[in-house]
Amino acid sequence: MNDLHTGRTTKDGIRIHNPSDSAGMLAAGQLAASILDEIAEHVFPGQTTGEIDRIIEQKVNDAGATSATIGYKGYQHASCISVNHVVCHGIPSDKKLKDGDILNIDVTVIVDGWFGDTSRMYVAGKLSRKSERLIQVTHDALMLGIEAVKPGNTFGDIGHAIQTFVESHRMAVVTDFCGHGLGRVFHAPPNVLHYGKPGTKAVLEPGMFFTIEPMVNLGRAETKTLSDDWTAVTRDKSLSAQFEHSIGVTEDGFEIFTLSPAGKFHPTY
Ligand code: MF3
Ligand code: CO
Ligand code: CO
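Okay, so let's go over this structure. Model, not experiment: these values are computed from the prediction.

So, how was this worked out
- Residues numbered from 1 in each chain as written.
- Chains lettered and ligands numbered in written order.
- Predicted model: local features only at pLDDT ≥ 70, side-chain atom pairs only at ≥ 80, totals over all residues.
- Heavy atoms only, no water.
- Donors = N, O, S within 2.8 Å, 3.2 Å for Na, K, Ca; no water.
- Tetrahedral: all angles 85-135°; square planar, octahedral: opposite > 155°, others 65-115°.
- Phe/Tyr/Trp six-rings, centres within 6.5 Å; stacked < 30°, edge-to-face > 60°.
- Helix = DSSP H or I, 4+ residues; strand = E, 2+ residues; numbered from the N terminus.
- Buried < 20%, exposed > 50% of the residue type's maximum accessible area, 1.4 Å probe, protein only.
- Axes fitted to C-alpha atoms, helices over the stretch in contact; angles between N-to-C directions.
- Parallel < 35°, antiparallel > 145°, perpendicular 65-115°, else oblique.
- Left-handed = near helix turned anticlockwise from the far one by under 90°.
- Contact = heavy atoms within 4.5 Å.
- Nonpolar A, V, L, I, M, F, W, Y, C, P; charged D, E, K, R; others polar.
- Core = buried A, V, L, I, M, F, W, Y, C linked by side-chain atoms within 4.5 Å.
- Near = heavy atom within 4 Å.
- Polar contact = N/O pair within 3.5 Å; in protein donor to acceptor, adjacent residues only side chain to side chain.
- Areas by Shrake-Rupley, 256 points an atom, 1.4 Å probe, with all protein chains shown as cover.

Our next topic: the coordination of the cobalt ion (ligand 3). For the cobalt ion (ligand 3), the protein coordination sphere consists of Asp-106 (OD), Asp-106 (OD), Asp-117 (OD) and Glu-244 (OE), at 2.0 to 2.3 Å. Of note is the cobalt ion (ligand 3), whose six donor atoms meet at the metal with angles of 59 to 167 degrees in an arrangement that counts as irregular. Counting residues between consecutive donors of the cobalt ion (ligand 3) along the chain gives the motif D-x10-D-x126-E.

Structure below.
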């Protein structure tokens, strides 16, 4: 059982999956990503985040899949929808979106026992230059983090790539939330930090599955959680953006399970 691909766990508690397990992750990831593709047309001024969530739940059910978030630690919705200064874990509600609002929609589905977890940014109506800059930097930060994924690199290398890029744009990376291992479970070791030092933390090995999901603020990094115990907001009320992919470490790099089947990521094209 010492082979890299026999489903062992590292000393840091990180599961090493079998090569055949990526097919399950890809099926789950592609469903989550296709739902994010299809939801774009339902985001517009006057729409409620509650209605967006109901459409997502319907799509998950229509696909014969399961929502990972409904019933998770008491959470009751098929998505988290985080508007403007909400950093993450925004609860869908009957509040209407306004022109220029930016929002992250985060969907996690279970297909044949495998978890697909991904999120993207959207805009209701017209995207301001300021919001577009934030969203572009956040997406670029995620992709730079992913490009640091290959056997022999470390989780600290991923965090370092993200943090240095974000800070070079005079924006702040959130340190209160992190990515996570996943697979046949929603949240598993390790904590994938979006900041760090090169060469630190666990060494990446083929068969590790995890998310990278940086949150970036236009103002300061500090967050607080509202009295609903879910909604995390920027303390200084500055705008926040996030993108998330579920990925796997391969023999020579990475595989993104949650790439858009339609090639989409940007809110306006
Ligand atoms: N999808 C989120 C993540 O990226 C977790 C949401 S948990 C919920 O890890 F309960 F808030 F939905
Ligand atoms: Co996640
Ligand atoms: Co997520």
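This next bit is on the packing of aromatic side chains. Under the criterion given, the structure shown has six aromatic pairs. Look at Tyr-72 and Phe-186: their rings are 4.9 Å apart centre to centre, the planes differ by 55 degrees, and that puts the pair in the tilted class. Of the two residues, Tyr-72 sits in the loop between β1 (66-67) and β2 (79-83) while Phe-186 sits in the loop between β7 (179-181) and β8 (188-192), which places them 114 residues apart along the sequence. Accessibility expressed as a relative area gives 24% for Tyr-72, which makes it partly exposed. Under the relative-accessibility criterion, Phe-186 is labelled buried at 9%. The rings of Tyr-72, Phe-115 and Phe-186 are connected pair by pair, giving a single aromatic cluster.

What follows is about the packing of helix α3 (residues 129-147) against helix α4 (residues 155-168). Contact geometry of α3 with α4 gives a least axis separation of 8 Å together with a crossing angle of 155 degrees. Compared by their axis directions, α3 and α4 come out roughly antiparallel. When you trace α3 past α4, the crossing you get is right-handed. On the side of α3, the interface is formed by Val-137, Asp-140, Ala-141, Leu-144 and Gly-145, while α4 contributes Ile-158, Ala-161, Ile-162, Phe-165 and Val-166. Broken down by class, the residue content of the contact of α3 with α4 amounts to eight nonpolar, one polar and one charged.

For the rest of this paragraph, the subject is the coordination of the cobalt ion (ligand 2). Those donors, Asp-117 (OD), His-180 (NE2), Glu-213 (OE) and Glu-244 (OE), are the protein atoms that reach the cobalt ion (ligand 2), and they lie 2.0 to 2.3 Å from it. Metal-centred angles of 52 to 160 degrees between the six donor atoms at the cobalt ion (ligand 2) mark the site as irregular. The two metals, the cobalt ion (ligand 2) and the cobalt ion (ligand 3), are separated by 3.3 Å and share Asp-117 as a common coordinating residue. One end of the pair, Asp-117, is in strand β5 (residues 114-123); the other, Glu-244, is in the loop between β13 (240-242) and β14 (245-249), and 127 residues separate them in sequence. Side by side, Asp-117 and Glu-244 carry an identical accessibility label, which is buried.

Counting 35 residues, the largest nonpolar core has Phe-155, Ile-158, Phe-210 and Ile-212 as the members making the most contacts within it. Listing elements by their share of this core, those giving two or more residues are β5, α3, α4, β9 (209-212) and β14. Apart from residues lying up to four places away in sequence, Phe-210 is in contact with Val-149, Phe-155, Ile-158, His-180, Gly-181, Leu-182, Val-192, Leu-204, His-245, Ser-246, Ile-247 and Val-249. Among the nonpolar cores identified, the runner-up in size contains 32 residues, and Val-43, Ile-55, Val-83 and Val-107 belong to it.

Turning to the site of ligand 1, a few remarks are in order. Around ligand 1, the surrounding shell holds 14 residues, and the nearest of these are Thr-69, His-180, His-187, Glu-213 and Glu-244. Between ligand 1 and the protein, one listed contact pairs an oxygen atom with a side-chain N or O atom of Glu-213 at 2.8 Å. Between ligand 1 and the protein, one listed contact pairs an oxygen atom with a side-chain N or O atom of Glu-244 at 3.0 Å. Alone, ligand 1 offers 340 Å² of accessible surface; in the complex the protein occludes 97% of this. Of the residues in the shell around ligand 1, the class split is five nonpolar, five polar and four charged.

Geometric descriptors of this kind do not, in isolation, establish any biological role.
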